[in-house]
Structure formats: structure tokens, C-alpha cells
Amino acid sequence: VNVLEAARTVGARVLFCSTGGALYGRDAPIPSLEDVLPLPESPYGVGKHCAEQYVMLYNRLHGAGHTVLRFANVYGPRQDPAGEAGVVAIFCAQVLAGERPTIFGDGRQTRDYVYVGDAVGAFLAAADRCRPGIWNIGTGAEVSVLDLARVISEVAGRPIDPLFAPPRRGEQGID
């Protein structure tokens, strides 16, 4: 709200980086269109949804031209493989280190992986076009975690024998 209020004071626009998967919930169609009702199942998803609602409130109340970009799973160079998020970077780092990547659940859960360069392109387009609203940014293609591991194996030129761990509670696509 402080950022939105400051932007209103000086007449600036806000481009808010949100999330796709954490907002829609487990029963959402894939790919999800922007008009699908968000049903987040984690505090992270609820927080992003609340922030989006503030952005849209300022658009309605003050005629602001703010834009929300809901990103799929962004991956690319310089992504930190040491965190909890960013399975592409995590798997790549583990394979390069000769380790076995861990797949939570059976690996059939799917994600939409969007390259960071395409995410930057979306930000630039949103800045240039000044179209307020909410926009999903992704490829629209489902890729299972197993398929991701297979692709990384092919690129690395060696087989990957992932470890399978119990599903993580609340994770998208895992019941």
C-alpha cells in the first residue's frame, strides 16, 4: 500500500510481479486464464493475491494504470540453486555436482516453465503498452517434474537416478 500510495502521489505506474501456480489452487484448469478464481492454498499465495487486490483497488479508485504480471515458474542464468524454489536451477546444480535430484511425490505433477528472458520481455511489454490489469505470463505448456529431470539428463549427457521423497503438503499438483 505504501508503494501504491507513493506511486499515486507522483503519478507513477506500478508493475507488480505476482505468481501463477500458487494463486490458482490444485483444481484449476491448466493453463489457467486470468479470469479463473484464485484459490491459494499457502500463505505465500494468499499474500500475493492480497497484494494484487490492492493494486486493482488503486486502479479502480484512483484510475491508476497499474499492471499485475502473474509469472509461471521462471528459470534461467544466475538463478540461485541453494534456495527452496527454482527446481530447474536446483536439479541442474545437483546433476553437475554428481548428486541425485530429489523429486517430491511421484513427479507427475506439472509446471509451466518460462525462461527469464521471456519474463523480462513481458515486463518491457507491460511497461510500453500501459495496459492495466492482470496478465498470466508463461508458455501454456505443461511439463512434469519427471520430464524436466529427463531433459536435464539429456542435456547433461548422463542418466539421472532421482531420489523420491514424500509429497510436500500444500505443494501445487500434489494431493
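The coordinates are above.
About the criteria used
- Residues numbered from 1 in each chain as written.
- Predicted model: local features only at pLDDT ≥ 70, side-chain atom pairs only at ≥ 80, totals over all residues.
- Heavy atoms only, no water.
- Axes fitted to C-alpha atoms, helices over the stretch in contact; angles between N-to-C directions.
- Helix = DSSP H or I, 4+ residues; strand = E, 2+ residues; numbered from the N terminus.
- Parallel < 35°, antiparallel > 145°, perpendicular 65-115°, else oblique.
- Left-handed = near helix turned anticlockwise from the far one by under 90°.
- Contact = heavy atoms within 4.5 Å.
- Core = buried A, V, L, I, M, F, W, Y, C linked by side-chain atoms within 4.5 Å.
- Buried < 20%, exposed > 50% of the residue type's maximum accessible area, 1.4 Å probe, protein only.
- Pairing = 2+ DSSP bridges.

A. Expanded view of the packing of helix 1 (residues 2–10) against helix 3 (residues 43–62). Look at helix 1 against helix 3: their axes get within 10 Å of each other, and the N-to-C directions meet at 30°. Between helix 1 and helix 3, the interaxial angle falls into the category roughly parallel. Seen from above, helix 1 lies across helix 3 with right-handed handedness. Of the residues in helix 3, those touching helix 1 at Leu4, Glu5 and Arg8 are Tyr54, Val55, Tyr58 and His62.

B. Region of interest: the nonpolar core. If you look at the biggest cluster of nonpolar residues, it comprises 11 residues: Val88, Ile90, Phe91, Val95, Ile103, Tyr113, Val145, Leu148, Ala149, Ile152 and Ile160. Every element with two or more residues in this core is listed here: helix 4 (87–96) and helix 6 (145–156). Excluding its chain neighbours within four sequence positions, the residues that come into contact with Tyr113 are Asn73, Tyr75, Val87, Val88, Thr139, Val143, Val145 and Leu148. With eight residues, the next largest nonpolar core counts Ala7, Phe16, Val55 and Tyr58 among its residues.

C. Structural detail: the sheet that holds strand 7 (residues 133–137). Taken together, three strands build an open sheet; the order of strands is 1-2-7 and the sheet is parallel. Looking at the sheet topology across the chains shown, the edges are occupied by strand 1 (15–19) and strand 7. Mean inter-strand twist for the sheet, computed between neighbouring axes without regard to direction, equals 25°. With five bridges connecting them, strand 2 (residues 67–71) and strand 7 associate as parallel partners. Note on strand 7: the bridge partner recorded for Thr67 is Gly133. Of the strands in this sheet, strand 1, strand 2 and strand 7 touch helix 3, which is tilted by about 150° from strand 1. Each of strand 1, strand 2 and strand 7 is contacted by helix 5 (residues 116–129), which is oriented at about 165° to strand 2, the strand it contacts most.

D. Region of interest: the side chain of Thr19. Checked against the element boundaries, Thr19 lands in strand 1. What makes Thr19 buried here is its relative accessible area of 10%. Aside from chain neighbours lying at most four places away, what touches Thr19 is Tyr44, Lys48, Glu52, Arg70 and Phe71.

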